[in-house]
Amino acid sequence: MEEPVGGTAAGADDSRTLVAPAAAAAKARPLHAIDASAAPRLETGLGELDRVLGGGIVPGSVVLLGGEPGVGKSTLALQLAGQVAAGGGRVLYVTGEESAEQLRLRATRLREVPGDVLVQPETRVEALAAPWREAQPTLVVIDSIQTMQTERVESAPGSVAQVRESAALMAASAKASGAALLLVGHVTKEGVLAGPRVLEHLVDAVLTFEGDRSHAYRLLRATKNRFGSTREVGVFTMHDDGLAGVENPSELFLAERRAQTPGSCIVPLVEGSRPMLVEIQALVAPAGYGTARRTSLGVDDGRVALLLAALDRHSDVDLVSRDVYVNVTGGVRIAEPAADLALALALASSRLDIPLPADVAACGEIGLGGEVRRVGRLDLRVREAARLGFRRVLTPPGPEAVAGDGATRIETEDVAEAVRWLRRERPSTSSE
Ligand code: TYD
Ligand code: MG
């Protein structure tokens with residue numbers, strides 16, 4: 001039995017949980033005698049969620065689901081509740097924001113109204129003790145943690161002290177009772193978990209739901225995961241009847257692409273074990289008066305500045321006194337330097353007004369010397385590009401054998417070479 005986490009100076013163990021604590025402390029065992037596969041998993045029935053969690057929820061564990069208001073946290077939580085109940089589990093769904101009737105309406109919309117989801121509209125943590133003990137839930141959902149308050153703390157609901165103490169109390173109860181606990185938490189626009197951030201240390205996994213409301217799809221990432229990798233990403237689309245998992249995200253991200261437009265380049269990213277093609281767009285325009293504007297969405301500003309400097313210094317693309325706008329379509333956020341070459345090509349393509357050929361993708365990191373550097377999982381990237389019909393992929397030079405599958409590599413030494421290649425590919429109809 002693990003020591004309940006967090007909490008105040010409360011002495012006796014049972015005062016720290018809502019349920020009677022499980023028996024005495026665990027005995028120390030030799031490391032080699034511990035069977036890691038013995039940690040059972042509660043499969044959620046939502047493939048993309050299982051992927052991010054590392055194969056399901058671990059009983060007794062605490063998962064924090066964060067995201068901006070409206071992104072779909074309650075929808076995901078309710079779908080999860082429905083799946084767990086449909087699989088024979090018992091769910092206690094505590095709603096502090098919506099009424100039970102609102103929740104029922106949502107469930108009707110999702111066509112998931114299993115009998116075994118107990119709904120409790122409640123904001124007082126102590127009031128959960130009885131249903132928690134009586135229902136013996138396999139899963140407890142708290143929507144949201146910011147609405148909960150405990151008698152142990154005097155401060156207002158939503159304050160850091162309330163959020164922390166309420167969560168600690170429920171986390172200890174989850175560990176004592178073996179129930180999995182899902183805490184839904186709001187994140188402010190600035191990306192700060194206002195409140196939930198203070199919870200990161202006391203939960204086992206932190207999942208972040210991303211995506212703006214103007215796009216149908218949502219990305220689910222683990223930023224902390226004691227039971228699995230933090231590199232996997234889950235992809236969902238939001239429909240009238242709830243969230244649906246997306247197995248082939250590349251198709252989704254490329255659906256609206258207009259090929260042959262200057263300033264656009266496709267890059268095969270790798271998120272966890274999964275390759276994903278996304279489109280990077282750049283717009284380079286003459287600057288008005290004053291300093292040039294630089295705006296980027298989905299790519300780190302510093303990365304864009306570095307690539308502008310590298311292009312300017314090491315190729316004949318002139319970017320002085322130009323406004324530069326960069327966007328990754330669909331609201332995807334790119335963290336990989338592997339996108340550098342595609343971004344540089346998109347910038348050059350816009351500046352020179354030469355569209356990239358429709359069958360081309362690019363990946364490679366760019367160094368300050370303008371050189372194109374190697375990236376991990378090149379085989380995976382080229383294969384995914386080929387699968388989606390891209391016949392040529394600009395890549396770093398190097399001996400990696402890449403199983404062709406119909407795509408050829410164009411080995412590119414540096415940005416200057418990439419720009420020369422682009423000029424050679426200029427369609428005869430386009431003019432500069
Ligand atoms: P919600 O899950 O309430 O977001 P959160 O709990 O993160 O604040 O839902 C967000 C939006 O999704 C809401 O504006 C309505 C929309 N939505 C759908 O498009 N389809 C659905 O089936 C549901 C339930 C919601
Ligand atoms: Mg909600």
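Refer to the structure presented above.
Residues numbered from 1 in each chain as written. Chains lettered and ligands numbered in written order. Predicted model: local features only at pLDDT ≥ 70, side-chain atom pairs only at ≥ 80, totals over all residues. Heavy atoms only, no water.

A. Broad picture of the overall build of the protein. Tallying secondary structure elements over the protein gives ten helices and 18 strands in all. A buried classification covers 50% of the 432 residues belonging to the protein. At a minimum sequence separation of 6, the contacts of the protein that also span at least 24 residues come to 68%. For the protein, the accessible surface area stands at approximately 19400 Å², while carbon and sulfur atoms represent 51% of it. (Helix = DSSP H or I, 4+ residues; strand = E, 2+ residues; numbered from the N terminus. Buried < 20%, exposed > 50% of the residue type's maximum accessible area, 1.4 Å probe, protein only. Contact = heavy atoms within 4.5 Å. Areas by Shrake-Rupley, 256 points an atom, 1.4 Å probe, with all protein chains shown as cover.)

B. The arrangement of the pattern of salt bridges in detail. Taken as a whole and assessed by the stated rule, the structure comprises 21 salt bridges. With a closest N to O distance of 3.2 Å, aspartate 316 and arginine 423 form a salt bridge. One end of the pair, aspartate 316, is in the loop between helix H7 (301–314) and strand S13 (322–328); the other, arginine 423, is in helix H10 (residues 415–424), and 107 residues separate them in sequence. A relative accessible area of 52% means that aspartate 316 is categorised as exposed. Salt-bridge contacts for glutamate 336 lead to arginine 381; the nearest nitrogen and oxygen are separated by 2.8 Å. Pair noted here: glutamate 336 is in the loop between S13 and helix H8 (340–352) and arginine 381 is in helix H9 (residues 378–387), with a separation of 45 residues, a long-range link. (Salt bridge = Lys/Arg side-chain N within 4 Å of Asp/Glu carboxyl O.)

C. Structural detail: the packing of aromatic side chains. The final tally for this structure, using the stated rule, is one aromatic pair. Ring plane angle 90 degrees and centroid distance 5.9 Å describe the contact between phenylalanine 209 and phenylalanine 236, whose orientation is recorded as edge-to-face. Of this pair, phenylalanine 209 sits in strand S6 (residues 205–210) while phenylalanine 236 sits in strand S8 (residues 233–239), and the two are 27 residues apart along the sequence. Here phenylalanine 236 falls in the buried class, since its relative accessible area comes to 2%. (Phe/Tyr/Trp six-rings, centres within 6.5 Å; stacked < 30°, edge-to-face > 60°.)

D. Expanded view of the sheet that holds strand S4 (residues 139–143). If you walk across this open sheet you meet the nine strands as S3-S2-S4-S5-S1-S6-S7-S8-S9, and the pairing is mixed. Where the open sheet ends on each side, the last strands, each with one partner, are strand S3 (117–121) and strand S9 (242–245). Strand-to-strand twist in this sheet, taken as the mean axis angle between neighbours without regard to direction, amounts to 25 degrees. Strand contacts of helix H2 (residues 73–86): strand S1 (62–67), strand S2 (91–95), S3, S4, strand S5 (180–186), S6, strand S7 (217–225), S8 and S9, with the helix running at about 160 degrees to S2, the strand carrying the most contacts. Relative to S5, helix H5 (residues 160–177) is tilted by about 160 degrees, and along the sheet it contacts S1, S4 and S5. (Pairing = 2+ DSSP bridges. Axes fitted to C-alpha atoms, helices over the stretch in contact; angles between N-to-C directions.)

E. Layout of the pairing of S6. The buried fraction of S6 is high, at five of six residues. Across six bridges, S6 lies against S7 in antiparallel orientation. Looking at S7, one finds that phenylalanine 209 is bridged to leucine 220.

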